[in-house]
Amino acid sequence: MRTRREIADWLAAIARAEFERQRGQVAELSPEAQTGLLVEACRVIDLHHVIHLMSNKPELGLSHFDFAVMLRGWNPLASLLLPCIGKMHGVPLSESTADSRERVLGILMNLGRASLLRESAEMLRHGMAECTADVSTITFRMSERCSMDHFLDRIEADKLRNLEDAMPGENVFKETVRKTSVENLDERIRELVYPWRPNNNVTMTGYDAAPDIDLHFFALVAKNARDWIDEAGIHDDTVLGNITGKDLRAVVFLVMSFHLKHIHFVDVAKSAFPEINYAMSLTIWKPREELIRSVVAVTGMEETTAAAAIDMATIQSGQESYFEQEVTPMLPMLIKISENYLLAPVSSIFRNPFLGIRMIHEKFDKRATDNLRKHREDWMISELYNLFLGLRYLQMEGPTRLRYGRKTVTDIDAAVFDTLTGELALFQLKWQDFSSNDVAKQRSRARNFVEKVDAWAKGVQDWIAASGATSLLATLRLRPAKAMSQVRLFAIGRSAARFQSYGFEPQEKAVASATWRQFVRLRYQIGPADNVLRDLHDAIRKESTVPLELKPLRQEFVFKEHTIVFENLFNEYDDEGDAASRNLGWQHG
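Predicted, not measured: the structure shown is a model, and the values here were computed from it.

## Focus on the overall build of the chain
At step 1: Broken down by element type, the chain carries 22 helices and 22 strands.
At step 2: A compact globule built from 589 residues should have a C-alpha radius of gyration of about 25 Å, and the chain, at 26 Å, falls within 12% of that.
At step 3: Of the contacts formed within the chain by residues at least 6 apart in sequence, a portion of 72% connects residues at least 24 apart.
At step 4: Of the side chains in the chain, 73 bear a positive and 81 a negative charge, and the two mean positions are spaced by 4 Å.

## With respect to the sheet that holds strand E17 (residues 511-515)
At step 1: Spatial ordering of the open sheet is given by E11-E14-E15-E16-E17, a layout of 5 strands whose pairing is mixed. Two strands bound the open sheet, and with one partner strand each, they are strand E11 (393-395) and E17. Strand-to-strand, the axes of this sheet are offset by a mean angle of 25°, without reference to chain direction.
At step 2: Those strands touched by helix H21 (residues 516-526) are E11, strand E15 (423-430), strand E16 (486-493) and E17, and its axis lies near 105° from that of E17.

## A short note on the packing of aromatic side chains
At step 1: One pass over the structure, following the stated rule, counts 19 aromatic pairs.
At step 2: For the pair Phe499 and Tyr502, a centre-to-centre distance of 6.2 Å together with 55° between the ring planes defines the contact as tilted.
At step 3: Assessed through its relative accessible area of 3%, Phe499 is described here as buried.
At step 4: With a relative accessible area of 6%, Tyr502 lands in the buried category.
At step 5: Each residue in the set Phe388, Tyr393, Phe427, Phe490, Trp516 and Phe519 is aromatic and connected to the rest through ring pairs, giving one cluster.
At step 6: The ring of Trp379 carries the charged tip of Arg494 above its face, separated from the ring centre by 5.7 Å.
At step 7: The residue whose ring lies beneath Arg494 is Trp431, and the NZ or CZ to ring-centre distance is 4.1 Å.

## Quick notes on the side chain of Ser143
At step 1: Relative to the assigned elements, Ser143 resides in the loop between strand E2 (137-142) and helix H6 (146-149).
At step 2: Of the residues examined, Ser143 reaches a relative accessible area of 6% and is grouped as buried.
At step 3: Not counting residues within four places of it along the chain, the set of residues in contact with Ser143 comprises Gly127, Met128, Ala129 and Glu130.

## Some details on the pairing of strand E14 (residues 414-418)
At step 1: By the criterion of burial, E14 is predominantly enclosed, with 5 of the 5 residues buried.
At step 2: The two faces of E14 match: Ala414, Val416 and Asp418 on one face and Ala415 and Phe417 on the other face are all buried.
At step 3: For E11 and E14, the ladder comprises 3 bridges, and the chain directions are antiparallel. When the bridges of E14 are listed, Gln395 appears paired with Val416.
At step 4: With 4 bridges connecting them, E14 and E15 associate as antiparallel partners. Along E15, the bridge assignment pairs Val416 with Ala425.
At step 5: If you look at the hairpin formed by E14 and E15, you'll find 4 residues sitting between the two strands, and Gly422 has a positive phi there, around 80°.

## Considerations on the side chain of Gln22
At step 1: One can find Gln22 in helix H1 (residues 4-27).
At step 2: You can call Gln22 buried: its relative accessible area is 3%.
At step 3: Non-local contacts of Gln22, meaning those with residues more than four positions away in its chain, are made with Leu80, Ile107, Asn110 and Leu111.

## Section: the nonpolar core
At step 1: Core analysis: the biggest nonpolar cluster contains 132 residues, and Met70, Trp74, Phe388, Leu424, Leu426, Phe427 and Phe519 have the highest contact counts within it.
At step 2: Per-element accounting of this core gives the leading share, 11 residues, to helix H5 (residues 98-125).
At step 3: Once you skip the residues sitting within four places of it in the chain, Trp74 turns out to touch Leu38, Ala41, Cys42, Ile45, Leu108, Phe323, Met330, Leu331, Pro332 and Ile335.
At step 4: One finds Ala210, Leu254, Leu260 and Ile349 within the second-largest nonpolar core, a separate group that totals 58 residues.

## A closer look at the sheet that holds strand E20 (residues 562-566)
At step 1: With respect to topology, 4 strands assemble into an open sheet ordered E1-E2-E20-E19, the strand pairing being mixed. Looking at strand neighbours, the two that pair on one side only are strand E1 (129-133) and strand E19 (555-559), the edges of this open sheet. The sheet shows a mean angle of 15° between the axes of neighbouring strands, direction not considered.
At step 2: Against the sheet, H5 engages E1, E2, E19 and E20, with an angle of about 115° to E19.

## Focus: the state of the cysteines
At step 1: In the structure shown here, the tally under the stated rule is 0 disulfides.
At step 2: Unpaired in terms of disulfides, Cys42 finds its nearest cysteine sulfur in Cys84, a separation of 16 Å.
At step 3: On the basis of relative accessible area, Cys84 is assigned to the partly exposed category, the value being 23%.

## Observations concerning helix H4 (residues 74-81)
At step 1: In terms of burial, H4 is largely enclosed, as 8 of its 8 residues are buried.
At step 2: If you check which residues of H4 are buried, you get Trp74, Asn75, Pro76, Leu77, Ala78, Ser79, Leu80 and Leu81.
At step 3: The secondary structure elements touched by the buried residues of H4 are H1, helix H2 (31-54), helix H3 (64-72), H5, helix H15 (320-325) and strand E9 (334-336).

Criteria and thresholds
- Residues numbered from 1 in each chain as written.
- Predicted model: local features only at pLDDT ≥ 70, side-chain atom pairs only at ≥ 80, totals over all residues.
- Heavy atoms only, no water.
- Helix = DSSP H or I, 4+ residues; strand = E, 2+ residues; numbered from the N terminus.
- Rg over C-alpha atoms; globule rule 2.2 N^0.38 Å.
- Contact = heavy atoms within 4.5 Å.
- Lys, Arg positive; Asp, Glu negative; His and termini not counted.
- Charge placed at Lys NZ, Arg CZ, Asp CG, Glu CD.
- Pairing = 2+ DSSP bridges.
- Axes fitted to C-alpha atoms, helices over the stretch in contact; angles between N-to-C directions.
- Phe/Tyr/Trp six-rings, centres within 6.5 Å; stacked < 30°, edge-to-face > 60°.
- Buried < 20%, exposed > 50% of the residue type's maximum accessible area, 1.4 Å probe, protein only.
- Lys NZ or Arg CZ within 6 Å of the ring centre and 35° of its normal.
- Core = buried A, V, L, I, M, F, W, Y, C linked by side-chain atoms within 4.5 Å.
- Disulfide = S-S within 2.5 Å.

This is how it looks when you write it as structure tokens:
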């Protein structure tokens, strides 16, 4: 009987064989044909994103599962095609047809199935999935421990967003959208669009600009741009090559608005002019210099800065090793498709573009990781303290260390004292990157989080037991008029904090571990309670023991001579809980 590792190696080899088969086929194509294949792949992905996520008839597109498989085919395909792009003088203008898109979709699906098989093999290798195999069928099941908490942290963004949307009043983003709204928007757009014929065989969408409409689309993407750069951990003052995080945010914000506007304009144009090739119109190209001028005109930044920021948001030849190794789909905002032109896939606005930009930058710039970390601790402390404002709370100024003489026991990143109850909250803050689906990397970071939080909690409790409450307050530079009644320990992970599914369970039960979004959501829900810190601690602990109710969605496909079956790696969940509305989601283990 084969071991878990032997089966995982066998499955990975099956996936690798498909990657190599596709590599051989791509190698037979000319550079011009490879460039054309990349353009058509972007058209396919753009078209299916718009149908799947924006159409009022999503049933005309792919199923949820097939859509997920298609996306997993992008990274391996990009890794095969990137070495040859960027050398042409123009952009291939072959007509995109239903047949050409079907052929390219087939390539993406085959690569996506291989990528999904490789990812599932790694889940098996690390104990997150079980697998049975016979001559014709390979069946995967999520391991029992994964049902404990694997999906909980992943849905916190939706739960917090639902809560914020349900709050009374109007935040600055909603206000800006309202103030920039355009009356009869589609009618106004209809006056601006027209058929554009780059050659005798192709009809695409052309349009003129209107400043008030541009402002409206700026407003529509502003909140996502702010939230997404925060999620990626890119501070405004972070140095990224020759630019700052603020420069990158401005440029990505503008490109996002251009993409969203373009989708809407093409949609209106297609209704007005049925002869327009919708798929070709969605995925367009722009002269790099023209885009630089647009950024300079809107932002006022120096031309060299705008160019550097655009280049950072652009993928190009030489970066193929990132796409070969990374399993999480990275849909680029811009691709250097030829010497002077940038391809602009609109699908990039449907997921956080800053994550991919940051991860590529970290791979190819050895200084990037340290530069990104530099501002994160102060940034997170500031956000934390903003949840405890007013005369009721005392806050420690800056991190401090607990010592025995000259020996450091541990550190305290943040502390909040509630003057009404006498309770003290001590915080350990962790900003780890869980944006990759690489199981080995995730397990390593999960182990690191749990072990360090356990060591921190033990160190803090031992120090308090030996030194006493008075010494603790003095060390934290807090001088409350009321005696300390209770110490509560919190560990906050920026994006993840629950790791039993990875095989790591905290040993120090006094700690309440939460993701940042979970902590913010619970803080909002608890509000000005009689004992805020106690209620927060209890709520976090309670949520850590309540698994999500999952409804398995069995999926299967034929891959080579095997039928691959996923019994419960894909799930639907219904979380009514305390969030403002029902959350339905599609998650893969």
